[in-house]
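An overview of the molecular structure
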Amino acid sequence: MQRRLDLRGLPPPQPMERILAAVATLPPGGHLFALTPMRPLPLLPVLEADGFRWRLRDLQGGGTALRIRHAQPAQA
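This text gives an overview of the structure that appears in the document. (Residues numbered from 1 in each chain as written. Predicted model: local features only at pLDDT ≥ 70, side-chain atom pairs only at ≥ 80, totals over all residues. Heavy atoms only, no water.)

Some words on the overall build of the protein chain
- Looking only at helices and strands, the protein chain features two helices and four strands.
- Helices (α) and strands (β) of the protein chain occur, in sequence order from the N terminus, as β-α-β-α-β-β.
- Taken over C-alpha atoms, the radius of gyration comes to 12 Å for the protein chain, in line with the 11 Å a tight globule of 76 residues would show.
- In terms of its C-alpha atoms, the protein chain occupies a principal-axis envelope of roughly 40 × 20 × 15 Å.
- By residue count, 33% of the 76 residues in the protein chain fall in the buried class. (Helix = DSSP H or I, 4+ residues; strand = E, 2+ residues; numbered from the N terminus. Rg over C-alpha atoms; globule rule 2.2 N^0.38 Å. Buried < 20%, exposed > 50% of the residue type's maximum accessible area, 1.4 Å probe, protein only.)

Considerations on the pairing of strand 4 (residues 64–70)
- Direction of pairing for strand 2 (residues 31–36) relative to strand 4: antiparallel, over a ladder of six bridges. In the sheet register, Leu35 faces strand 4, and the bridge partner there is Ala65.
- Sheet topology note: the strand 3 (residues 52–58)/strand 4 ladder contains seven bridges and is antiparallel. Paired with Leu56 across the two strands is Leu66, which belongs to strand 4.
- The antiparallel pairing of strand 3 with strand 4 creates a hairpin that spans five residues between the two strands, and Gly62 there sits at a positive phi of about 110°. (Pairing = 2+ DSSP bridges.)

Some words on the nonpolar core
- With 16 residues, the main nonpolar core has Ile19, Val23, Leu32, Leu47, Leu66 and Ile68 as its most contacted residues.
- Elements with a minimum of two residues in this core: helix 1 (14–24), strand 2, helix 2 (43–49), strand 3 and strand 4.
- In contact with Val23, other than residues within four places in its own chain, are Leu32, Leu47, Phe52 and Ile68. (Core = buried A, V, L, I, M, F, W, Y, C linked by side-chain atoms within 4.5 Å. Contact = heavy atoms within 4.5 Å.)

Re unusual backbone geometry
- Cis geometry marks the peptide bond from Pro12 to Pro13, where omega comes out at 5°.
- Within the secondary structure, Pro13 is located in the loop between strand 1 (2–6) and helix 1.

Side note on the pattern of salt bridges
- If you walk through the whole model with that rule in mind, you get two salt bridges.
- Two residues, Asp6 and Arg8, come together in a salt bridge whose shortest N-O distance is 2.7 Å.
- Given the relative accessible area of 48%, Asp6 is considered partly exposed.
- When its relative accessible area of 41% is taken as the criterion, Arg8 is described as partly exposed.
- Where Asp58 meets Arg39, a salt bridge forms, and the shortest distance between an N and an O atom there is 3.0 Å. Residue Asp58 is found in strand 3, and its partner Arg39 is found in the loop between strand 2 and helix 2; the two are separated by 19 residues along the sequence.
- For Arg39, a relative accessible area of 43% puts it in the partly exposed group. (Salt bridge = Lys/Arg side-chain N within 4 Å of Asp/Glu carboxyl O.)

None of the figures reported here should be taken as evidence of function without further support.
Below, the structure is given as structure tokens:
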């Protein structure tokens, strides 16, 4: 399952709050793909502490693309 959020039009701290709410319900093996208006640097250590891995890519027109998944793969 992949969930997508486009948060580029939201002011801080709304993108961080919405991402944290979305990952709280992310099933094992699921991914969250979020577009953010800026690099969400305060969010990244929170994700790691909560057991998530992330990958961040700067977008050409501004903002970032953030992909988040559980640090441990889903068990069969």
